[in-house]
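Here is what each chain is made of, one letter per residue.
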Amino acid sequence: EDGARIVGATPEGVFRGATTLLQLLIQGVDGAGATLTPVSITDAPRFAWRGLSVDVARTFYPVDAVKTVIDLMALYKMNVLHLHLTDNEGWRFEVPTWPNLTANSDQPTENGHPGGYFTQEAYADILAYAAERYITVVPEFDSPGHTASVLRAYPQLDTDEMHAAPESLQYLDPTVAGVWELVDAVYDEMARVHPGTRIHIGGDEAIAMPEDAFAAYVETAAAA
């Protein structure tokens, strides 16, 4: 009758406990108020990584939509938001030293889905909103495959053979001058703005890439 008491080993633990109280209140809503049955709960997460992946590359979602996802994640006590920021369809993360990556990202994708990108200010807003809810954002720069948007933005990183291939078969060739300068710049910017300790380097579906070139690319990218 004298209220609820929440105890946690960390501020995040108290936040998750308050979320449990909110869930109980939602279940106990009765007319204008809520009735709670006296209860004692001892809880801890089973998994350290409770993640959700959101693809903003193939279909761009604005800041408010991403914040809604973050709110829902917090309600269900998820703590890692993996943002798929780059793909053939578009590039959604601003890299000031390579401005062409986002120069045409506001165009709809070939499948008619919305385009757009996050400015530095908008992305910082997302990161701060997530951090307030104890959610870590993990960015993904998908490469060496799924990089047609890069080659459209910087055709000097292309080759004649790559240019003639369908976008699904295009990739970043690690032997082409300038490729590693771009990769390093993207990783540097992602590392600069993200408070977490991980960056997702992609690596999937480089279908037409020779195996030795793929292995060399991934090893170098992982070490970067």
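Residues numbered from 1 in each chain as written. Predicted model: local features only at pLDDT ≥ 70, side-chain atom pairs only at ≥ 80, totals over all residues. Heavy atoms only, no water.

Things to note about the overall build of the protein chain
From N to C terminus, the protein chain includes eight helices and eight strands. In terms of overall dimensions, the protein chain has C-alpha extents of about 75 × 35 × 30 Å along its principal axes. Each of the 224 residues in the protein chain was classed as buried or not, and the buried ones make up 40%. Contacts in the protein chain between residues far apart in sequence, at least 24 positions, make up 74% of those at least 6 positions apart. As displayed, the protein chain has an accessible area near 12,600 Å², and 55% of this comes from carbon and sulfur atoms. Counting 12 positive and 32 negative side-chain charges, the protein chain places the averaged centre of each group 12 Å from the other. (Helix = DSSP H or I, 4+ residues; strand = E, 2+ residues; numbered from the N terminus. Buried < 20%, exposed > 50% of the residue type's maximum accessible area, 1.4 Å probe, protein only. Contact = heavy atoms within 4.5 Å. Areas by Shrake-Rupley, 256 points an atom, 1.4 Å probe, with all protein chains shown as cover. Lys, Arg positive; Asp, Glu negative; His and termini not counted. Charge placed at Lys NZ, Arg CZ, Asp CG, Glu CD.)

Considering the nonpolar core
Core analysis: the largest hydrophobic core is formed by 48 residues, its most contacted members being L81, L101, F118, F141, L182 and Y217. Of all the elements in the fold, those that place two or more residues in this core are α2 (63-75), β4 (80-84), α4 (120-132), β7 (136-143), α5 (148-153), α7 (179-193) and α8 (211-223). If you tally residues by element for this core, the top one is α7, at eight residues. Not counting chain neighbours up to four residues away, the residues in contact with L182 comprise W98, L101, F141, V150, Y154 and L157. (Core = buried A, V, L, I, M, F, W, Y, C linked by side-chain atoms within 4.5 Å.)

A word on the sheet that holds strand β8 (residues 200-202)
Within a sheet, adjacent strands bond to each other through the backbone by hydrogen bonds, running parallel or antiparallel. On the basis of which strands lie adjacent, the open sheet formed by four strands has the order β3-β4-β7-β8 and parallel pairing. With one partner strand each, in any of the chains shown, β3 (51-55) and β8 form the two edges of the open sheet. Each neighbouring strand pair of the sheet contributes to a mean axis angle of 25°, computed without reference to strand direction. Sheet topology note: the β7/β8 ladder contains two bridges and is parallel. Note that in β8 the partner of S143 across the bridge is G202. (Pairing = 2+ DSSP bridges. Axes fitted to C-alpha atoms, helices over the stretch in contact; angles between N-to-C directions.)

So, the packing of aromatic side chains
On inspection of all chains with the given rule, the structure shows eight aromatic pairs. Taking 5.2 Å as the distance between ring centres and 65° as the angle between the ring planes, the aromatic pair formed by W91 and F141 counts as edge-to-face. With W91 in strand β6 (residues 90-91) and F141 in strand β7, this residue pair connects regions lying 50 residues apart in the sequence. A single burial state applies to W91 and to F141, both of which are buried. Relative to Y217, the ring of W180 lies with its centre 4.9 Å away and its plane at 25°, an arrangement referred to as stacked. (Phe/Tyr/Trp six-rings, centres within 6.5 Å; stacked < 30°, edge-to-face > 60°.)

Some details on unusual backbone geometry
Here the bond from S143 into P144 is cis, since omega is 5°, no more than 30 degrees from zero. The topology assignment puts P144 in the loop between β7 and α5. Positive phi, close to 60°, is recorded for Y134, a residue that is not glycine. Within the secondary structure layout, Y134 lies in the loop between α4 and β7. We classify Y134 as partly exposed; its relative accessible area is 30%. The backbone of E205 shows a phi angle near 55°, a positive value even though the residue is not glycine. With respect to the helices, strands and loops of the structure, E205 is situated in the loop between β8 and α8.

Quick notes on the pattern of salt bridges
According to the stated counting rule, one finds 10 salt bridges in the structure shown. Note that R58 and E89 form a salt bridge whose closest N and O atoms lie 4.0 Å from each other. Taken as a pair, R58 in the loop between β3 and α2 and E89 in the loop between β5 (86-87) and β6 lie far apart in primary sequence, 31 residues in all. R58 gets classed as partly exposed once you look at its relative accessible area, which sits at 30%. A relative accessible area of 29% means that E89 is categorised as partly exposed. (Salt bridge = Lys/Arg side-chain N within 4 Å of Asp/Glu carboxyl O.)

Don't take any of this as a statement about function, it's just geometry.
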